[in-house]
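Commentary on secondary and tertiary structure
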Amino acid sequence: MSYGSRGSSASELLGLQTVGTRATAQMAHTLESYAYHAESVEPMPEYRDYPREFCVDILGINPWSSKELADEYGRPELNAPGTAGQVELLEALQRERRVVCPSCFGGGKTWIESCASIHHVYTRKPAMVIHTAPTMHQLKEVLWEQIIALLHGARRKLKGRLTMTSLKLGPKWLMRGLTGKSKSAKGGLHPVTLFLIEEASGLSHDDMAGFDGIMIQEDVHVGMFGNPLHPHGPLYD
């Protein structure tokens, strides 16, 4: 088992080149083969309130807990107020309406977003998980590469129709990556149940305007992740 590691990239798992349009076409073709009839997909509600157990049993990974680390090493500062480990963040994203995670570089933010997304969509039906980031490159080459790696490396085969920035399990049962500049981001996304913002410090209020319809939905849970580089913007607010 890995402990919060980034894991193999999607291109490593699929044996693909990493640059060029030919590689993109190859990846799309390979991912298209990772498709199943929607009616064959069944949710796992028994894991809905247990994201850590889902990670261990289904994905074959073991996120760490700040409380457990503090107890194990006798360092209470590791579990000080305002700090959270991977387990605590996963649980908060399922429980709280708003979660903000400013963190250092290389702190595993994308890994947590990926785990939370997969757990959320496979334990609820219907469910709609939307991701955004400042650029499509960040969505495709960072966040969704990690999601694809986790799906292909899962202990249990997870069914669905997978592309480079989307996973569809059935009607109104999906994950999708969009930028604020995407016209389709401004409407038609309802009901969103989990909205995750990658590199939130790189987004302006104008970038987020296209997602106003998501942010005000009654049952949506929102997670913002990023490096606190600027004293302004959605992450700071």
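Located above this text is the structure these notes cover.
Residues numbered from 1 in each chain as written. Predicted model: local features only at pLDDT ≥ 70, side-chain atom pairs only at ≥ 80, totals over all residues. Heavy atoms only, no water.

**Considerations on the pairing of strand 4 (residues 166–170)**
Strand direction decides the pairing type here: strand 3 (residues 161–162) and strand 4, joined by two bridges, are antiparallel. Of the residues in strand 4, the one forming a bridge with Leu162 is Leu167. Counting the residues in the hairpin turn of strand 3 and strand 4 gives three residues. Alignment of strand 4 against strand 5 (residues 173–177), held across four bridges, turns out to be antiparallel. Bridging from a neighbouring strand, Leu167 pairs with Met175 of strand 5. Following strand 4, the chain reverses through two residues before pairing antiparallel with strand 5; Lys172 in that reversal takes a positive phi of roughly 55°. (Pairing = 2+ DSSP bridges. Helix = DSSP H or I, 4+ residues; strand = E, 2+ residues; numbered from the N terminus.)

**Description of the packing of helix 3 (residues 51–59) against helix 6 (residues 109–122)**
If you want to describe how two helices pack, look at the angle between their axes and the distance between the axes. At a minimum axis distance of 10 Å, the contact between helix 3 and helix 6 shows a crossing angle of 90°. What the angle tells us is that helix 3 and helix 6 run roughly perpendicular. Taking contact as the criterion, the partners of Pro51, Phe54, Cys55 and Leu59 in helix 3 are, on helix 6, Cys115, Ile118, His119 and Tyr122. (Axes fitted to C-alpha atoms, helices over the stretch in contact; angles between N-to-C directions. Parallel < 35°, antiparallel > 145°, perpendicular 65-115°, else oblique. Contact = heavy atoms within 4.5 Å.)

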